[in-house]
There are 2 protein chains.
Amino acid sequence: MAQKLYYFNFNGFGEAIRYILHYSGQKFEDIRYERKDWPIMEVKDKLPYGQMPLYEEGDRSLNQSMAIARYLASKTGLIPSDPWDQAVLDAIVLDIYDFSNKIKMWFMEQDPGKKEALKKEYVDDNVEFYFSRFEKHLKNNNGHFGGKLYWADFVLVGIVETMNLYFGIEIEKKYPAVQALIEKIRNLPGVKEYIANRKPYSL
Amino acid sequence: MAQKLYYFNFNGFGEAIRYILHYSGQKFEDIRYERKDWPIMEVKDKLPYGQMPLYEEGDRSLNQSMAIARYLASKTGLIPSDPWDQAVLDAIVLDIYDFSNKIKMWFMEQDPGKKEALKKEYVDDNVEFYFSRFEKHLKNNNGHFGGKLYWADFVLVGIVETMNLYFGIEIEKKYPAVQALIEKIRNLPGVKEYIANRKPYSL
């Protein structure tokens, strides 16, 4: 069944999905649009809620990056079998998204002074709030969010890479367990080859 | 195993969880804090990411309303068995949350003129964008998001009730399938008795 992923030519909420697809060896069409061209109305109008990523499998489609990543994980052994363990990873992914979504205020702020203050708040306070917690969780769980490699690990890496690009930082430098996880994901079979051939993203 | 739910004395992101617990006949301690008293630092500091709802089951706890609702659903037959069908409901719940989260800008705006404009935009445009889609989805699926009663239906009702309270509107009036679903949920065994005994929420 033909698999297609529609997203920007950017990491953002799409990269974790790409990592999972490459790691699990699933052939998919990686359809990318340039952010500077967006919105492309003939594409946007066909999206169920006007937003990417969109995942297609044969004649059916799925929106929402978290739903897509979790679904692909469930097909490829990247999800635990116990409902409680599944829920713990759902919560972590939602926590990672909360962290990520806090940049919206910065993104939308037009005033340069206020924008700089929001960036400082994000980089100084928000990163520490979330990553001190992620670091602790990883240390307590064998370097993974769920004790071994599951989908939430991929989600973290995609978001860290995106935030690093936005703010010119390296979040993982202060958090050794996070850094080790990122290195591990980047060197997974499938992911490693994908990254080696991937062109650098720009803002 | 003792079950506890910690949330505000408010509908918000907690009410769907309460509905699911009452409908499935699970005994739980419904611990509520007044929003005017928040933050209560001795409570907030114990929350893994500083936010409610928090769900406890014996000695383990889970944050994130979506993760909690989905977990409780998985225990009580309120989730489909097929991974694709599960993912479709995950996406719908995330779409409902997106709709809900768009009020954050309104919530945080201090300027009365701008705040009123954001309210108008929300009530006029945002509601129609999302609810025309929800309505269509419900009509195409036997009045439910997943063809029969599943957890996403409860999530919709909790969020509609919250937005109606915030803006003094009745979203469902223009959307008959949404209205029918809300009525159905409110009259479910367990939910009906809970609502009959519930004190009205206020802002």
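Located above this text is the structure these notes cover.
The rules we used
Residues numbered from 1 in each chain as written. Chains lettered and ligands numbered in written order. Predicted model: local features only at pLDDT ≥ 70, side-chain atom pairs only at ≥ 80, totals over all residues. Heavy atoms only, no water. Contact = heavy atoms within 4.5 Å. Buried area = accessible area lost by both parts, 1.4 Å probe. Salt bridge = Lys/Arg side-chain N within 4 Å of Asp/Glu carboxyl O. Helix = DSSP H or I, 4+ residues; strand = E, 2+ residues; numbered from the N terminus. Nonpolar A, V, L, I, M, F, W, Y, C, P; charged D, E, K, R; others polar. Patch = residues over 30% accessible without salt bridge, like charges linked within 9 Å, V, L, I, M, F, W, Y side chains within 5 Å. Areas by Shrake-Rupley, 256 points an atom, 1.4 Å probe, with all protein chains shown as cover. Lys, Arg positive; Asp, Glu negative; His and termini not counted. Charge placed at Lys NZ, Arg CZ, Asp CG, Glu CD. Pairing = 2+ DSSP bridges. Axes fitted to C-alpha atoms, helices over the stretch in contact; angles between N-to-C directions. Core = buried A, V, L, I, M, F, W, Y, C linked by side-chain atoms within 4.5 Å. Buried < 20%, exposed > 50% of the residue type's maximum accessible area, 1.4 Å probe, protein only. Least-squares fit on C-alpha atoms with pLDDT ≥ 70 in both. Phe/Tyr/Trp six-rings, centres within 6.5 Å; stacked < 30°, edge-to-face > 60°. Parallel < 35°, antiparallel > 145°, perpendicular 65-115°, else oblique. Left-handed = near helix turned anticlockwise from the far one by under 90°.

A. Structural context of the interface of chain B and chain A. If you look at the interface, chain B gives 33 residues, while chain A gives 33 residues. With both chains or domains summed, chain B and chain A bury close to 2700 Å², and 67% of this area falls on carbon and sulfur atoms. The largest per-residue losses of area from chain B upon contact with chain A belong to Tyr49, Gln64 and Trp84 of chain B, which jointly make up 30% of the total buried on that side. On the surface where chain B and chain A come into contact, there are 0 salt bridges. Among the secondary structure elements, those contributing two or more residues to the side of chain B that touches chain A are β3 (54-57), β4 (60-63), α3 (65-75), α4 (83-101), α5 (103-108) and α6 (112-139) of chain B. Ranked by residue count, the leading element in the side of chain B that touches chain A is α4 of chain B, at 11 residues. Partitioning the side of chain B that touches chain A into residue classes produces 19 nonpolar, 7 polar and 7 charged.

B. Focus on a positive patch on the surface. A cluster of basic side chains, namely Lys102 and Lys104 of chain A together with Lys102 and Lys104 of chain B, defines a positive patch on the protein surface. Tracing the sequence through the fold places Lys102 of chain B in the loop between α4 and α5.

C. Geometry of the sheet that holds β3 of chain B. Residues and elements named next belong to chain B. Ordered by their spatial adjacency, 4 strands build an open sheet running β2-β1-β3-β4, and the pairing between neighbours is mixed. Across the chains shown, the open sheet's two edge strands, defined by having one partner strand only, are β2 (29-33) and β4. Taking the axes of each pair of neighbouring strands and ignoring which way they run, one obtains an average angle of 20° across the sheet. Relative to β3, strand β1 (residues 3-8) runs antiparallel, the two being bridged by 4 bridges. The residue bridging Tyr6 from the neighbouring strand is Leu54, located in β3.

D. The arrangement of the nonpolar core in detail. Counting residues in hydrophobic clusters, the biggest one holds 146 residues, and the most contacted among them are Phe131 and Trp151 of chain A together with Phe131 and Trp151 of chain B. When neighbours within four sequence positions are excluded, Trp151 of chain B is seen to be in contact with Ile20, Met66, Ala69, Arg70, Ala73, Leu78, Ile79, Leu89, Asp90 and Val93 of chain B.

E. Fine view of the relation of the copies chain B and chain A. In screw terms, the move from chain B to chain A is a rotation of 180° and a rise of 0.0 Å along the axis, fitting with an RMSD of 0.0 Å. Both copies of the chain, as the preceding transformation shows, are related through a two-fold rotation axis. Within chain B, the C-alpha atom positioned nearest to the axis of rotation is that of Met105 of chain B, 4.3 Å from it. Of all interface residues in chain B, 100% are interface residues in chain A too; the two copies therefore contact each other through one and the same surface.

F. Quick look at the pattern of salt bridges. In the structure shown here, the tally under the stated rule is 28 salt bridges over all chains. When salt bridges that share partners are traced, they join Glu15, Arg18, Asp30, Arg32 and Arg198 of chain A into one network.

G. Spatial organisation of the packing of aromatic side chains. All names here are of chain A. Applying the stated rule across the entire model yields 52 aromatic pairs over all chains. When the centroid spacing of 4.8 Å and the interplanar angle of 45° are considered together, the rings of Phe13 and Tyr97 count as tilted. Placement of the pair is Phe13 in the loop between β1 (3-8) and α1 (15-23) and Tyr97 in helix α4 (residues 83-101), with a sequence separation of 84 residues. Phe13 gets classed as partly exposed once you look at its relative accessible area, which sits at 26%.

H. The arrangement of the packing of helix α3 (residues 65-75) of chain A against α4 of chain B in detail. One can describe the packing of α3 of chain A onto α4 of chain B by two numbers: an axis separation of 8 Å at closest approach and a directional angle of 160°. Taken together, the axis directions place α3 of chain A and α4 of chain B in an arrangement best described as roughly antiparallel. Along this stretch, α3 of chain A crosses α4 of chain B, giving a crossing that reads as right-handed. The residues of α4 of chain B that touch α3 of chain A, namely those facing Met66, Ala67, Arg70, Tyr71 and Ser74 of chain A, are Pro83, Trp84, Gln86, Ala87, Asp90, Ala91 and Leu94 of chain B. Looking at side-chain class alone, the contact of α3 of chain A with α4 of chain B contains 8 nonpolar, 2 polar and 2 charged residues.

I. The arrangement of the sheet that holds strand β2 (residues 29-33) of chain A in detail. Residue and element names in this part refer to chain A. Pairing within the open sheet is mixed, and its 4 strands lie in the order β2-β1-β3-β4. Looking along the sheet, the strands with just one partner apiece sit at the ends: β2 and β4 (60-63). Adjacent strand axes in the sheet meet at a mean angle of 20°, parallel and antiparallel pairs treated alike. Direction of pairing for β1 relative to β2: parallel, over a ladder of 5 bridges. In the sheet register, Tyr7 faces β2, and the bridge partner there is Arg32. Packing of α1 onto the sheet brings it into contact with β1 and β2, and relative to β1 it is tilted by some 150°.

J. Spotlight on the side chain of Thr162 of chain B. Looking at where Thr162 of chain B falls in the secondary structure, it is placed in helix α7 (residues 151-167). When near neighbours in sequence (up to four residues on either side) are disregarded, Thr162 of chain B contacts Phe10, Asn11 and Gly12 of chain B.

These results come straight from atomic positions and should not be treated as a statement about function.
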